[in-house]
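Descriptive structure summary
Okay, here's what each chain looks like letter by letter:
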Amino acid sequence: MFVARSIAADHKDLIHDVSFDFHGRRMATCSSDQSVKTHSGSVWRVTWAHPEFGQVLASCSFDRTAAVWEEIVGESNDKLRGQSHWVKRTTLVDSRTSVTDVKFAPKHMGLMLATCSADGIVRIYEAPDVMNLSQWSLQHEISCKLSCSCISWNPSSSRAHAPMIAVGSDDSSPNAMAKVQIFEYNENTRKYAKAETLLTVTDPVHDIAFAPNLGRSFHILAIATKDVRIFTLKPVRKELTSSGGPTKFEIHIVAQFDNHNSQVWRVSWNITGTVLASSGDDGCVRLWKANYMDNWKCTGILKGNGSPVNGSSQQGNSNPSIGSNIPSLQNSLNGSSAGRYFFPPLDSPRAGSRWSSYAQLLPPPPPPPLIEHSCDADTASLQYPHPRRRSLSRPLNPLPENEGV
Amino acid sequence: MSGTKPDILWAPHQVDRFVVCDSELSLYHVESTVNSELKAGSLRLSEDSAATLLSINSETPYMKCVAWYLSYDPECLLAVGQANGRVVLTSLGQDHNSKFRDLIGKEFVPKHARQCNTLAWNPLDSNWLAAGLDKHRADFSVLIWDICSKYTPDIVPMEKVRLSVGETETSLLVTKPLYELGQNDACLSLCWLPRDQKLLLAGMHRNLAIFDLRNTSQKMFVNTKAVQGVTVDPYFHDRVASFYEGQVAIWDLRKFEKPVLTLTEQPKPLTKVAWCPTRTGLLATLTRDSNIIRLYDMQHTPTPIGDETEPTIIERSVQPCDNYIASFAWHPTSQNRMIVVTPNRTMSDFTVFERISLAWSPITSLMWACGRHLYECAEEENDNSLEKDIATKMRLRALSRYGLDTEQVWRNHILAGNEDPQLKSLWYTLHYILFMKQYTEDMDQKSPGNKGSLVYAGIKSIVKSSLGMVESSRHNWSGLDKQSDIQNLNEERILALQLCGWIKKGTDVDVGPFLNSLVQEGEWERAAAVALFNLDIRRAIQILNEGASSGKGDLNLNVVAMALSGYTDEKNSLWREMCSTLRLQLNNPYLCVMFAFLTSEAGSYDGVLYENKVAVRDRVAFACKFLSDSQLNRYIEKLTNEMKDAGNLEGILLTGLTKDGVDLMESYVDRTGDVQTASYCMLQCMKVKSESEVAQSCPTLSDLMDCSPPASSVHGIFQGSPLDVLKDERVQYWIENYRNLLDAWRFWHKRAEFDIHRSKLDPSSKPLAQVFVSCNFCGKSISYSCSTVPHQGRGFSQYGVSGSPTKSKVTSCPGCRKPLPRCALCLINMGTPVSSCPGGSKSDEKVDLSKDKKLAQFNNWFTWCHNCRHGGHAGHMLSWFRDHAECPVSACTCKCMQLDTTGNLVPAETVQP
């Protein structure tokens with residue numbers, strides 16, 4: 001059973017994307033505001049790199065760019081002393097149109113970043129020197145022929161699986177074509193080649209997500225289109241296929257749900273790839289889970305505003321007191337920005353205070369009175385309003401948990 | 001307002017009221033019904049709101065359009081445009097303010113009667129009302145009235161008099177507009193521009209015009225067909241939408257020459273277009289005869305300057321009700337809320353949700369963003385654990401040290417929560433395998449054989465290896481004068497039964513102890529069945545009786561016992577007939593197979609062997625007892641494949657930890673994602689391996705072990721040695737995935753424990769020493785644990801290793817005797833106390849020190865910042881950084897402690913309850 005609670009973080013603007021870092025300790029959100037200074041358009045997506053590469057974020061925007069951010073610690077002589085802030089390390093300007101998605105490649109491939117744009121090109125960048133994030137070289141350009149809306153790396157780190165990326169398109173032109181293409185890296189040609197096209201998906205695709213592989217022998221791909229679809233891709237063993245060519249897959253659709261009754265916007269897998277969450281135009285978040293017979297079922301419905309859906313037995317008894325003990329971080333959170341970070345407290349997830357502190361990537365254009373400082377347009381500030389330690393007069397200690405070491 | 005098609009309006013300030021207008025005006029009040037019952041007479045609008053009718057105003061016939069007065073006071077003042085062009089002020093409800101009472105009923109009369117198409121109150125000067133009229137020869141079509149004007153012309157034109165027949169209070173008639181615009185034209189829609197009080201945008205016949213009231217002779221206009229429903233974006237005052245037929249045009253007033261954008265054309269003509277007042281760039285449109293409201297989300301402000309960025313529009317549609325929608329209205333303040341009305345005046349109140357984006361955190365909670373808000377949702381703690389997701393289960397199991405009990409291997413299933421029969425079976429199997437292996441190895445020393453290596457290969461291999469060696473013989477039933485064919489138990493079958501847990505190690509083939517343990521655990525039915533399968537019907541009946549009387553068991557067991565005792569061997573007896581039909585109605589599978597066994601023909605036991613609810617180990621043990629070699633082989637083969645396909649962990653009993661076992665585990669992982677169990681289980685195989693392989697690879701040991709044949713000779717049967725299993729890509733991949741999972745959960749201590757556990761069983765997985773500290777002068781490692789660095793040539797033992805009473809000065813390099821660097825804080829040369837702990841090198845994990853001693857030791861470790869390369873004693877450094885952000889070395893501004901964010905995270909286990 002899942003019960004929702006609200007996190008007090010009233011953005012002035014719409015949140016376009018939410019992303020957790022590897023450890024689930026920090027969250028980045030991106031939103032649209034006309035006056036965002038880093039990107040001149042609204043930020044579609046934000047994504048974290050593996051912490052092995054440092055605290056690195058990538059964002060992509062309507063303004064035809066993608067950007068890579070890194071958290072650094074402030075110099076001692078300025079007023080941000082002791083605080084970390086985010087610096088834009090590079091801007092990737094190759095796209096001629098809105099960059100619609102950005103994703104870091106799985107860790108084992110090194111620091112690689114894929115972007116896709118409305119002009120139908122997937123670009124794969126690599127930072128050859130992980131110490132220098134200002135240099136990214138464009139390694140591959142894959143033309144998809146269709147306006148791209150979303151990409152997903154296959155997270156499998158197994159040597160048996162070649163790097164693979166799935167691309168979804170939201171092209172709504174009437175000549176229906178397959179909207180999901182899967183590209184695979186070929187060791188011999190050192191290029192990405194089309195491995196599969198999901199011919200049955202002909203409606204605009206809004207989101208696509210490979211499930212964490214978790215040692216499975218096949219891959220699971222969730223697609224958000226006019227319904228939720230789950231595909232499995234089982235690689236046909238190499239011995240059976242002619243070597244050198246792209247991997248062949250047995251593709252099965254294992255689930256297809258139109259319960260959202262309308263467009264599905266996002267899909268997201270939990271860490272084990274066993275629960276899928278989807279959101280749709282009906283304003284609901286639905287959770288899907290397979291039983292032991294591999295039958296997928298809806299295991300939870302929640303309204304977008306966190307209230308339980310009437311008539312849904314799963315949501316019968318949500319605890320009304322939960323909402324009240326969420327500390328309000330509201331006041332300091334006002335303002336519009338391209339990204340915000342949340343640092344959950346160290347205690348268990350059930351504790352009342354879910355997020356103890358957060359950083360704000362960007363200063364708001366007209367600084368709201370509650371924000372105590374502003375900084376350069378392309379730096380980010382970090383604030384740590386710790387709910388359990390209100391002594392904000394002392395230098396904010398960004399390492400509240402360190403004392404126990 | 002045509003009488004058939006209602007329109008709907010929210011009150012601009014009283015946010016819980018709206019008006020529905022068709023032939024009359026009806027004022028409604030909206031109430032939340034979340035905490036109360038639906039009142040009598042109110043109309044349900046949505047799941048949690050209802051409307052009550054407050055008042056009806058039918059004083060104004062021939063309504064064509066209605067506009068709500070925008071100022072706070074009076075609240076319920078409405079302007080109604082009529083078919084004759086007159087605009088009447090009317091009110092709903094009682095306004096007590098006498099100041100405005102004289103406004104009500106006021107009429108504004110154009111010179112020539114024609115239809116009034118549109119009305120618009122000026123948002124800045126609340127008294128100004130613009131009315132758009134149809135064309136009448138060369139007359140003006142846009143009239144702006146001041147509702148407070150007292151001016152009534154002395155001479156009322158003749159036709160006005162005719163029209164206002166019956167009008168008694170002529171003082172309420174106003175005929176002189178403040179402004180007259182749009183001569184010789186028709187006006188279809190109007191809106192005031194928020195940029196300036198005196199700018200009015202009008203959709204005229206075939207053009208859009210901006211009238212500037214400061215200079216009425218001039219107007220800015222653009223020819224277009226899209227002249228209907230002009231409306232200004234409340235968040236972006238230069239953006240205007242208008243429509244024509246099925247097409248919406250978006251205009252930028254700064255470059256008014258052509259629409260910046262036209263939205264995809266709808267097949268049916270549009271009837272209404274409205275910007276959302278609570279959210280930027282959201283335009284709602286409605287077409288005729290449609291139950292869908294189409295929303296256009298314009299994320300970006302169009303820029304007039306050069307940039308040819310085509311704005312991204314996200315098209316969405318909502319279906320608030322099943323009927324056709326006549327009209328809709330956005331709520332003025334409530335976020336994205338809208339009310340719709342259908343032609344038959346049913347209404348529906350709903351909220352347009354923003355596109356929700358979501359993300360799972362590695363710990364099992366889901367975060368989503370809806371509009372400006374963030375929500376988090378977590379799996380409830382007090383849940384039925386069977387329904388829990390595997391991620392939650394694995395987390396809990398990791399915390400309970402699942403898989404780490406290497407002594408009592410079977411206990412791991414209890415650590416896993418003691419709820420999954422498959423896991424229980426798996427760990428018991430592994431326990432028996434390890435146990436038996438130990439035992440058979442001991443035996444092997446006395447009598448040469450390779451059973452030791454057979455054990456881990458599972459019953460399938462054991463059975464295969466015994467092909468064609470067994471004969472059956474007749475055995476007496478105890479307590480009955482009946483005989484049944486039972487296979488003579490050869491060594492392999494005994495081994496198999498031992499692995500199944502039916503009999504203990506040794507040559508004793510008595511199932512008594514096993515029965516007793518089952519009885520103790522309250523598994524009466526199972527115990528009875530096992531007793532029966534061992535031809536001891538008396539014991540079976542006794543067990544059932546015991547179960548019935550124990551209180552915990554089912555009282556019906558007595559009945560079953562009675563039925564059993566009536567057993568007769570006669571082929572055509574009533575007992576037999578009834579049992580074979582009625583047994584299918586028994587719920588308990590063991591009771592069911594008992595009767596199946598008793599009623600079966602000799603040699604055909606399918607009723608027992610293929611009863612899927614009976615534990616695999618019992619079925620296999622049964623098969624070993626009763627099936628001939630060829631039958632047994634076929635059965636085991638079949639069952640193994642079944643288990644492999646299903647990924648049923650009970651099948652590990654059959655496959656053992658061989659390639660077959662990996663295949664089985666693969667389908668288990670495919671099915672459940674439980675890499676944790678897979679990793680730990682396969683590590684057990686390494687345990688099996690590490691003992692046998694070590695025994696064979698190490699010559700000294702195998703010499704001692706009485707010339708056991710090399711394992712390779714039996715590989716043919718096993719399809720791969722344990723080493724192959726261990727090196728199987730899949731196994732390594734599961735382990736990698738599980739470690740990754742622990743890392744993501746910040747269960748670093750658990751991961752470290754896992755690694756230790758793993759390296760114990762598989763020494764090859766041990767990582768190499770990571771760091772050396774070398775002396776500045778001689779360049780040699782200053783490590784005292786020279787045993788870990790044998791390649792350093794001459795050992796350091798001469799410089800006083802652990803335990804040596806004649807240590808050299810430890811604050812200096814053991815190689816060249818030059819002093820080591822000083823701690824930045826205490827300014828003492830480092831190294832002093834490190835040597836006081838014998839063998840206390842960093843890399844040595846085996847040193848088992850009490851906690852405080854460990855701390856003391858750690859405090860004296862060398863630490864340094866990789867960035868500025870200043871450092872000192874760890875304890876000093878930590879206490880310094882507790883209060884400081886910067887490096888203690890003067891003039892160094894390095895923020896040593898904050899450089900690594902991951903390093904600042906605390907492992908999740910330490911904060912778990």
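In every chain, residue numbers begin from 1 and rise along the written sequence. The naming scheme follows written order: chains are lettered A onward, ligands numbered 1 onward. Only residues with pLDDT of at least 70 are given local features in this predicted model, and only at 80 or more are side-chain atom pairs given and counted; all residues enter the totals for whole chains, interfaces and linings. The side-chain quantities take in all heavy atoms of the structure and omit both hydrogens and water.

Moving on: the packing of aromatic side chains. Classification of ring pairs rests on two measures: the distance between centres of Phe, Tyr or Trp rings, Trp counted by its six-membered ring, which must be within 6.5 Å, and the angle between planes, read as stacked under 30 degrees, edge-to-face over 60 and tilted in between. The final tally for this structure, using the stated rule, is 32 aromatic pairs over all chains. With a centroid separation of 5.3 Å and an interplanar angle of 55°, the aromatic rings of tyrosine 605 of chain B and phenylalanine 626 of chain B are classed as tilted. A residue pair is termed long-range when its members are at least 10 positions apart, and tyrosine 605 of chain B in the loop between helix H14 (589–599) and helix H15 (606–609) and phenylalanine 626 of chain B in helix H16 (residues 616–626) qualify at 21 residues. Here the two residues tyrosine 605 of chain B and phenylalanine 626 of chain B agree in accessibility, since each one is buried. Charge-over-ring contacts are defined here by two conditions on Lys NZ or Arg CZ: a distance within 6 Å of the ring centre and an angle within 35 degrees of the ring normal. Across the ring face of phenylalanine 221 of chain B, the terminal group of lysine 219 of chain B is positioned such that the distance to the ring centre comes to 5.3 Å. Here the guanidinium or amino end of arginine 355 of chain B rests over the ring plane of tryptophan 265 of chain A, the centre of that ring lying 4.8 Å away. Only DSSP runs of H or I covering at least 4 residues are called helices, and only runs of E covering at least 2 are called strands; the numbering of each starts at the N terminus. Here the term buried applies to any residue with accessible area under 20% of the maximum for its type, exposed to any over 50%, and partly exposed to those in between, with areas from a 1.4 Å probe on protein chains only.

This brings us to the nonpolar core. To form a nonpolar core, buried Ala, Val, Leu, Ile, Met, Phe, Trp, Tyr and Cys residues must be joined to one another through side-chain atoms within 4.5 Å. In terms of nonpolar packing, the biggest core is built from 118 residues, with Ile459, Phe597 and Met665 of chain B touching the most fellow members. The greatest single-element share of this core, amounting to 10 residues, is contributed by helix H5 (residues 421–446) of chain B. Contacts between residues were defined by any pair of non-hydrogen atoms, one from each residue, lying within 4.5 Å. Contacts of phenylalanine 597 of chain B, omitting those with residues within four sequence positions, involve Trp477, Leu532, Phe533, Leu535, Tyr605, Val608, Phe622 and Phe626 of chain B. Core analysis: the next-biggest nonpolar cluster, separate from the first, contains 21 residues, Val99, Leu111 and Leu133 of chain A together with Ile314 of chain B among them.

Looking now at the packing of helix H19 (residues 659–672) of chain B against helix H24 (residues 729–744) of chain B. Helix packing for two helices is described by the angle between their axes and how far apart those axes are. All names here are of chain B. Convention adopted: a line fitted to C-alpha atoms gives each axis, helices being fitted over their contacting stretch, and angles between N-to-C directions are expressed from 0 to 180 degrees. Across the interface, H19 lies against H24 with an axial gap of 10 Å and an inter-helix angle of 40°. Taken together, the axes of H19 and H24 are oblique relative to one another. Like other packed secondary-structure pairs, H19 and H24 cross with a definite hand, here left-handed. Every residue of H24 that contacts H19 at Val662, Asp663, Met665, Glu666 and Val669 is listed here: Arg730, Val731 and Trp734. Residues were grouped as follows: Ala, Val, Leu, Ile, Met, Phe, Trp, Tyr, Cys and Pro as nonpolar; Asp, Glu, Lys and Arg as charged; and all remaining residues, including Gly, as polar. In terms of residue class, the contact of H19 with H24 is built from 5 nonpolar, no polar and 3 charged. Note on terminology: angles under 35 degrees are roughly parallel, angles over 145 are roughly antiparallel, angles of 65 to 115 are roughly perpendicular, and the others are oblique. Crossing handedness is read from the near helix: turned anticlockwise from the far helix by less than a right angle, it gives a left-handed crossing, and turned clockwise, a right-handed one.

Moving on to the sheet that holds strand S11 (residues 128–133) of chain B. Residue and element names in this part refer to chain B. Read from one edge of the open sheet, 4 strands run S10-S11-S12-S14, paired in antiparallel fashion. For this open sheet the edge positions go to strand S10 (116–121) and strand S14 (179–183), each flanked by a neighbour on one side alone. Each strand of the sheet is rotated relative to its neighbour by a mean of 15°, with strand direction disregarded. We treat two strands as partners when DSSP finds at least two bridges between them. For S11 and strand S12 (residues 140–146), the ladder comprises 5 bridges, and the chain directions are antiparallel. Pairing of alanine 130 across the sheet is with isoleucine 144, part of S12.

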